[in-house]
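# Architecture and fold: a report
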Amino acid sequence: MSSAIGIDLGGTKLLGILVDERGSPLARRERPTCACDGPDVLVGSIAALARELAEEARAAGRPPRGVGVGAPGPLDPRTGVVYAMPNLGEDYVRFPLRERLTRALPELPVAVENDANAAIQGEVWTGAAKGCEDAILLTLGTGVGGGIVAAGRMIRGARGAGAELGHVIVEPDGPPCGCGGRGCLEQYASGTAIARLAAEALARRREGALAQLAAPSAQDVVRAARAGDELALAVIDRGARALGTALASIVHVLNPELVLIGGGFGSAAWDLLEPSTAAEMKSRTFVASWEGLKLARAALGSDAGAIGAARSVI
Ligand SMILES: [Zn+2]
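Here we come to the overall build of the protein chain. Helix and strand content of the protein chain: 11 helices and 12 strands. Whereas a compact globule of 314 residues would reach a radius of gyration of roughly 20 Å, the protein chain reaches 19 Å, a difference of no more than 12%. C-alpha atoms of the protein chain, sized along the principal axes, occupy 55 × 45 × 35 Å. Per-residue burial for the protein chain yields a buried fraction of 54% across its 314 residues. Contacts in the protein chain between residues far apart in sequence, at least 24 positions, make up 62% of those at least 6 positions apart. Summing over all exposed atoms, the protein chain offers an accessible surface of approximately 13,500 Å²; the carbon and sulfur share of this is 51%. Counting 32 positive and 35 negative side-chain charges, the protein chain places the averaged centre of each group 2 Å from the other.

Here you go:
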């Protein structure tokens, strides 16, 4: 009997999950992180969390096979170099994450994976995409992450920077994006974008429940939309239509059988997003592409990335 450690590196926290060989969680730990602390502290925190979970695994008679880390940026899983992690700051351009972690954790094999790729790996292993050969996942959170499984294989591209579905363009002249382009899906359907769209709408019209808040977060917008606030509903609908438009392009390319929506904002707003997203996607695609296509909420929630990262070392 063995186990594996998966760690999801987020903008504000580390989530570590110890799983058995089948992906069932045995232990779960969270630790706050701050990009402001710099790479040395971050690598040290990841290593400390991995060591803690490894000790727990050995105590339970299930020595860990290694640690997989899901990181929020495009990376090459073969070299373990992260190209950039824009939400963690400038210190992480071409950052040798696996090498740094291997030095800090000589006793454990280390694998690194893009966080959204890890998340779809988790969903295929034990979640909503179990047994699926052609599935995609969009995580709507601070940014928009993407994961693709086609013909049963993870699609990462020539240098590991593929499957960046958050950067499918929905408005060629839209707002600038961290990728260097403009009008990417991420600028309309991430939690960050929803908060920005709400602030822009409020600057034009200050009435209703949302208008009472100085700087509404995406969670505030979801809450106000559930209470029937028209401005909040319109902002979420804008995000949903951008999501459906981007999905139309993705569906034309990949013809998936399953589209999963996850991430903090995506999971919280799923039922609000679904109708307009589905309608927009259907209106822009061949009947053959969406007939039989299932649009669903990701099942593992915020655990998907850590569980999928653990899969990388099993
Ligand atoms: Zn972009």
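Further remarks concern the coordination of the zinc ion. Surrounding the zinc ion are the protein donor atoms His167 (ND1), Cys177 (SG), Cys179 (SG) and Cys184 (SG), at 2.0 to 2.3 Å. If you look at the zinc ion, its 4 donor atoms make angles of 103 to 122° with each other, and the shape they trace is tetrahedral. Site description for the zinc ion: donor spacing in sequence, H-x9-C-x1-C-x4-C. With a gap of 12 residues between them, His167 in the loop between strand S10 (153–154) and helix H4 (186–189) and Cys179 in the loop between S10 and H4 connect regions that are remote in the sequence. Note on His167: relative accessible area 22%, which makes it partly exposed.

Let's shift gears to the sheet that holds strand S4 (residues 64–71). Spatial strand order, S3-S2-S1-S4-S7: 5 strands in an open sheet with mixed pairing. Edge strands, defined here as strands with exactly one partner in the open sheet, are strand S3 (25–32) and strand S7 (110–114). Adjacent strand axes in the sheet meet at a mean angle of 20° when their direction is disregarded. In the packing of helix H2 (residues 97–104) onto the sheet, the strands contacted are S4 and S7, and the crossing angle to S7 comes to about 150°. Contacts from helix H3 (residues 115–126) reach strand S1 (3–9), strand S2 (13–20), S4 and S7 within the one sheet, and its direction differs from that of S7 by about 100°.

Attention now goes to unusual backbone geometry. The backbone of Arg94 shows a phi angle near 50°, a positive value even though the residue is not glycine. By the secondary structure assignment, Arg94 is in the loop between strand S6 (81–82) and H2. When its relative accessible area of 55% is taken as the criterion, Arg94 is described as exposed. The residue Ala163 is not glycine, and still its phi comes out positive at about 60°. Exposure remark for Ala163: the relative accessible area of 10% places this residue in the buried category.

Now for the pairing of strand S11 (residues 258–262). Summarising burial for S11: 5 of the 5 residues are buried, a large majority. Burial along S11 is two-sided: Leu258, Leu260 and Gly262 and Val259 and Ile261, pointing in opposite directions, are all buried. Strand direction decides the pairing type here: strand S8 (residues 135–140) and S11, joined by 5 bridges, are parallel. Within S11, the position partnered with Leu137 by the bridge is Leu260. Here 4 bridges tie S11 to strand S12 (residues 294–297), and the two strands are oriented parallel to one another. Each residue of the ladder has a partner; that of Leu258, found in S12, is Lys294.

Here the focus is the sheet that holds strand S9 (residues 144–150). On the basis of which strands lie adjacent, the open sheet formed by 5 strands has the order S10-S9-S8-S11-S12 and mixed pairing. A single partner strand is all that each edge strand has here, and the edge strands are S10 and S12. Contacts from helix H7 (residues 230–254) reach S8, S9, S11 and S12 within the one sheet, and its direction differs from that of S8 by about 155°. Contacting S8, S11 and S12, helix H9 (residues 270–283) runs over the sheet at an angle of about 160° to S12.

Here the structure, examined in full by the defined rule, presents 1 aromatic pair. Ring geometry for Tyr92 against Phe95: centres 5.1 Å apart, planes inclined by 75°, an arrangement best described as edge-to-face. Each member of the pair, Tyr92 together with Phe95, is buried. Here Arg311 stacks its cationic end above the ring of Trp125, 5.2 Å away from the centre of that ring.

It is the contact of H7 with H9, at a shortest axis distance of 7 Å, that shows an interaxial angle of 40°. Taken together, the axis directions place H7 and H9 in an arrangement best described as oblique. For the pair H7 and H9, the crossing hand works out as right-handed. Side by side, H7 and H9 meet where Ile236, Asp237, Gly239, Ala240, Arg241, Leu243, Gly244, Thr245, Leu247, Ala248 and Val251 of the first sit next to Leu272, Leu273, Ser276, Thr277, Glu280 and Met281 of the second.

Summed over all chains, the structure comprises 18 salt bridges. With a closest N to O distance of 2.8 Å, Asp303 and Arg28 form a salt bridge. A residue pair is termed long-range when its members are at least 10 positions apart, and Asp303 in the loop between S12 and helix H11 (304–311) and Arg28 in strand S3 qualify at 275 residues. Taking the shortest distance from any N to any O, the salt bridge between Arg78 and Asp76 comes out at 3.3 Å. Here Arg78 falls in the exposed class, since its relative accessible area comes to 57%.

How each quantity is defined
Residues numbered from 1 in each chain as written. Predicted model: local features only at pLDDT ≥ 70, side-chain atom pairs only at ≥ 80, totals over all residues. Heavy atoms only, no water. Helix = DSSP H or I, 4+ residues; strand = E, 2+ residues; numbered from the N terminus. Rg over C-alpha atoms; globule rule 2.2 N^0.38 Å. Buried < 20%, exposed > 50% of the residue type's maximum accessible area, 1.4 Å probe, protein only. Contact = heavy atoms within 4.5 Å. Areas by Shrake-Rupley, 256 points an atom, 1.4 Å probe, with all protein chains shown as cover. Lys, Arg positive; Asp, Glu negative; His and termini not counted. Charge placed at Lys NZ, Arg CZ, Asp CG, Glu CD. Donors = N, O, S within 2.8 Å, 3.2 Å for Na, K, Ca; no water. Tetrahedral: all angles 85-135°; square planar, octahedral: opposite > 155°, others 65-115°. Pairing = 2+ DSSP bridges. Axes fitted to C-alpha atoms, helices over the stretch in contact; angles between N-to-C directions. Phe/Tyr/Trp six-rings, centres within 6.5 Å; stacked < 30°, edge-to-face > 60°. Lys NZ or Arg CZ within 6 Å of the ring centre and 35° of its normal. Parallel < 35°, antiparallel > 145°, perpendicular 65-115°, else oblique. Left-handed = near helix turned anticlockwise from the far one by under 90°. Salt bridge = Lys/Arg side-chain N within 4 Å of Asp/Glu carboxyl O.

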